[in-house]
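# Breakdown of the fold
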Amino acid sequence: MVEAQSYTTRRSSNPRLETSVDIPSTPTGEVRYGTTNNIFASISTTSFISPTILTALIIASWYLSNIGVLLLNKYLLSFHGYKYPIFLTMLHMISCTFYSLIAIRWFQIVPYQQISSRKQFLKILALSAIFCFSVVFGNTSLRYLPVSFNQAIGATTPFFTAIFAFLITCKKESAEVYLALMPVVFGIVLASNSEPSFHLFGFLMCVGSTAGRALKSVVQGLLLTSDSEKLHSMNLLLYMAPMAAMILLPFSLYIEGNVLSKTVEKARSDSFMALLLIGNATVAYLVNLTNFLVTKHTSALTLQVLGNAKAAVAAVVSVLIFKNPVTVMGISGFAVTVMGVVLYSEAKRRLKVTAH
């Protein structure tokens, strides 16, 4: 579900495929996060497990949490009769707040950072608004679209990022980058035209979610620019999650009615529902935690490559579990989109190398 990101590094977020806009050189964990006495640092330096095995376990956890939250959201919203995507997203935000407090203040996975000014608070609040509605749109789309098609649409994030970067900051990319975005768009058009389970409202919600993630990355790069205002992704999540929950609360009550009593009633009559909601909210936080750990133990480039492959893996797993119909044309469109994302990432990498 949710994840903090910046315009220059990879987030985000969202349990969908997302690619970084720009890949910085990745320093060691000690340089980036300091030598704090935290549980994860202790694990990584313990001799009973090799660094290679530890990294493999972290990557596997990242895959499981990202794909797991997608499948759980889909199961709850489409198959288990829980038709409250706004309240479900609010539960995710509450969960992220609770677990972030434990991870940062108790386990000290990263140094704790405080909001330093009212101006910084308002900037984070603005990002939280974009962030929470992007997630709500994404969760809502899962009620109407199969996960495989949802992932195909999510792969178009670089296209929207390039558009917002140009409209908001007037930043122009090279011709090579724009050419790489053409198959991204062409692939999703191909997949949409041949999707057996196409639903217009779900499609619009998913496009809105993808555009929202791209908008957040661009806006965040503009708002949190000074060194005094920059926050580590885990600290940013700590502040954004409760703000997002407060923003979503009135919308949930107005649109979904007395959803809290309905949820409690469902949980009382179906204990499995309660376990699903708790597990779903926990996995939503693990998406962010494992994203941080993968970046710490590998690099932003590795995370980007893994993200490109994750969308395809999630699509295949969802088809095997939910058995939604797929077509050869739809698979081809998805493949073209993912290939376009790979070309886009490579073009951005070469551009950065040339610039240096």
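Keep in mind that this is a model prediction, so the values were computed, not measured.

### Concerning the nonpolar core
- Y82, M93, I109, M234 and Y285 are the most contacted members of the largest nonpolar core, which has 58 residues in total.
- Put simply, the parts of the chain that give this core at least two residues each are α3 (51-79), α4 (85-106), α5 (118-141), α10 (233-256), α12 (271-297) and α13 (300-322).
- The greatest single-element share of this core, amounting to 12 residues, is contributed by α10.
- Sequence-distant contacts of Y285, that is, excluding residues within four places in its chain, are made with S95, C96, Y99, S100, A103, I109, M234 and L237.
- If you look at the next biggest cluster of nonpolar residues, it comprises 12 residues, including L145, A191, A311 and V338.

### A closer look at the layout of surface pockets
- Taken as a whole, the second largest pocket encloses approximately 290 Å³ of empty space.
- Around the second largest pocket sit 18 residues that line it, and S148, A315, V326, I331 and F334 are the ones nearest its centre.
- When contributions to the lining of the second largest pocket are tallied by element, the ones reaching two or more residues are α6 (147-154), α13 and α14 (328-355).
- In terms of residues, the lining of the second largest pocket owes the most to one element, α14, which gives five residues.
- Within the lining of the second largest pocket, the residues separate by chemical class into 13 nonpolar, four polar and one charged.

### Some thoughts on the side chain of N139
- Considering the arrangement of structural elements, one finds N139 in helix α5.
- The exposure class of N139 is buried, given its relative accessible area of 3%.
- Among the polar contacts made by the side chain of N139, one reaches the side chain of T89 at a distance of 2.8 Å.

### Focus on the confidence of the model for the protein chain
- Averaged over all residues, the pLDDT of the protein chain is 85; the fraction at 70 or higher stands at 86%.
- Looking over the protein chain, one finds the lowest element-wise mean pLDDT in helix α1 (residues 29-33), namely 43, and the highest in α4, namely 96.
- Considering only residues more than four positions removed or in separate chains, one finds that residues 1-35, a stretch of pLDDT under 50, has 148 contacts.

### Structural notes on the environment of L289
- When you line up the elements, L289 lands in helix α12.
- A residue is classified by how much of its surface remains accessible, and L289, at 11% relative accessible area, is buried.
- Between the C-alpha atom of L289 and that of I109, which follows or precedes it by 180 residues, the distance is 9.5 Å.

### Notes on the packing of aromatic side chains
- Under the definition given, this model contains 13 aromatic pairs.
- Between F133 and F251, the ring centres sit 5.1 Å apart and the planes meet at 90°, which makes this aromatic pair edge-to-face. Pair noted here: F133 is in helix α5 and F251 is in helix α10, with a separation of 118 residues, a long-range link.
- The class for F133 is partly exposed, based on a relative accessible area of 26%.

### Side note on unusual backbone geometry
- Phi at C170 takes a positive value of approximately 60°, unusual for a residue other than glycine.
- Within the secondary structure, C170 is located in the loop between α7 (157-169) and α8 (175-193).
- C170 gets classed as exposed once you look at its relative accessible area, which sits at 58%.

### Looking at the packing of α4 against α12
- Taken N-terminus to C-terminus, the directions of α4 and α12 make an angle of 60°; their axes are 8 Å apart at the nearest point. Taken together, the axis directions place α4 and α12 in an arrangement best described as oblique. You can see that α4 and α12 cross each other, and the crossing is right-handed. Residue-level contacts link L88, L91, H92, S95, C96, Y99, S100 and A103 of α4 to L277, N280, A281, T282, A284, Y285 and N288 of α12.
- Of the residues that constitute the contact of α4 with α12, the class distribution is nine nonpolar, six polar and no charged.

### Digging into the pattern of salt bridges
- Counting across every chain of the model gives six salt bridges.
- Note that K171 is salt-bridged to E173, the shortest N-O span being 4.0 Å.
- We classify K171 as partly exposed; its relative accessible area is 29%.
- With its nearest N and O atoms 3.0 Å apart, the salt bridge here joins E173 to K348.

### Re the packing of α4 against α5
- Contact geometry for α4 and α5: axes closest at 9 Å, N-to-C directions at 130°. The angle between α4 and α5 places the two elements in the oblique class. Seen along the crossing, α4 lies across α5 with a hand that is right-handed. Contacts from P85, I86, T89, H92 and M93 of α4 reach α5 at F131, C132, V135, V136, N139 and T140.
- Residue classes in the contact of α4 with α5 are distributed as seven nonpolar, four polar and no charged.

### Things to note about a nonpolar patch on the surface
- The grouping of I163, F166, L167, I168, Y178 and L222 at the surface amounts to a nonpolar patch, some 520 Å² of accessible area in total.
- Structurally, I168 is set in helix α7.

### A closer look at the environment of G257
- Looking at the element boundaries, G257 is found in the loop between α10 and α11 (259-269).
- Given a relative accessible area of 25%, G257 falls into the partly exposed group.
- Sequence spacing of G257 and Y84 is 173 residues, and the spatial spacing of their C-alpha atoms is 9.6 Å.

What counts, and at which threshold
- Residues numbered from 1 in each chain as written.
- Predicted model: local features only at pLDDT ≥ 70, side-chain atom pairs only at ≥ 80, totals over all residues.
- Heavy atoms only, no water.
- Core = buried A, V, L, I, M, F, W, Y, C linked by side-chain atoms within 4.5 Å.
- Buried < 20%, exposed > 50% of the residue type's maximum accessible area, 1.4 Å probe, protein only.
- Helix = DSSP H or I, 4+ residues; strand = E, 2+ residues; numbered from the N terminus.
- Contact = heavy atoms within 4.5 Å.
- 1 Å grid on protein atoms, 1.4 Å probe; cavity = no way out; pocket = protein on both sides within 12 Å on 5 of 7 lines; lining within 4 Å.
- Points joined across faces, edges and corners; volume = space filled by probe spheres on them.
- Nonpolar A, V, L, I, M, F, W, Y, C, P; charged D, E, K, R; others polar.
- Polar contact = N/O pair within 3.5 Å; in protein donor to acceptor, adjacent residues only side chain to side chain.
- pLDDT = per-residue confidence, 0-100.
- Phe/Tyr/Trp six-rings, centres within 6.5 Å; stacked < 30°, edge-to-face > 60°.
- Axes fitted to C-alpha atoms, helices over the stretch in contact; angles between N-to-C directions.
- Parallel < 35°, antiparallel > 145°, perpendicular 65-115°, else oblique.
- Left-handed = near helix turned anticlockwise from the far one by under 90°.
- Salt bridge = Lys/Arg side-chain N within 4 Å of Asp/Glu carboxyl O.
- Patch = residues over 30% accessible without salt bridge, like charges linked within 9 Å, V, L, I, M, F, W, Y side chains within 5 Å.
- Areas by Shrake-Rupley, 256 points an atom, 1.4 Å probe, with all protein chains shown as cover.

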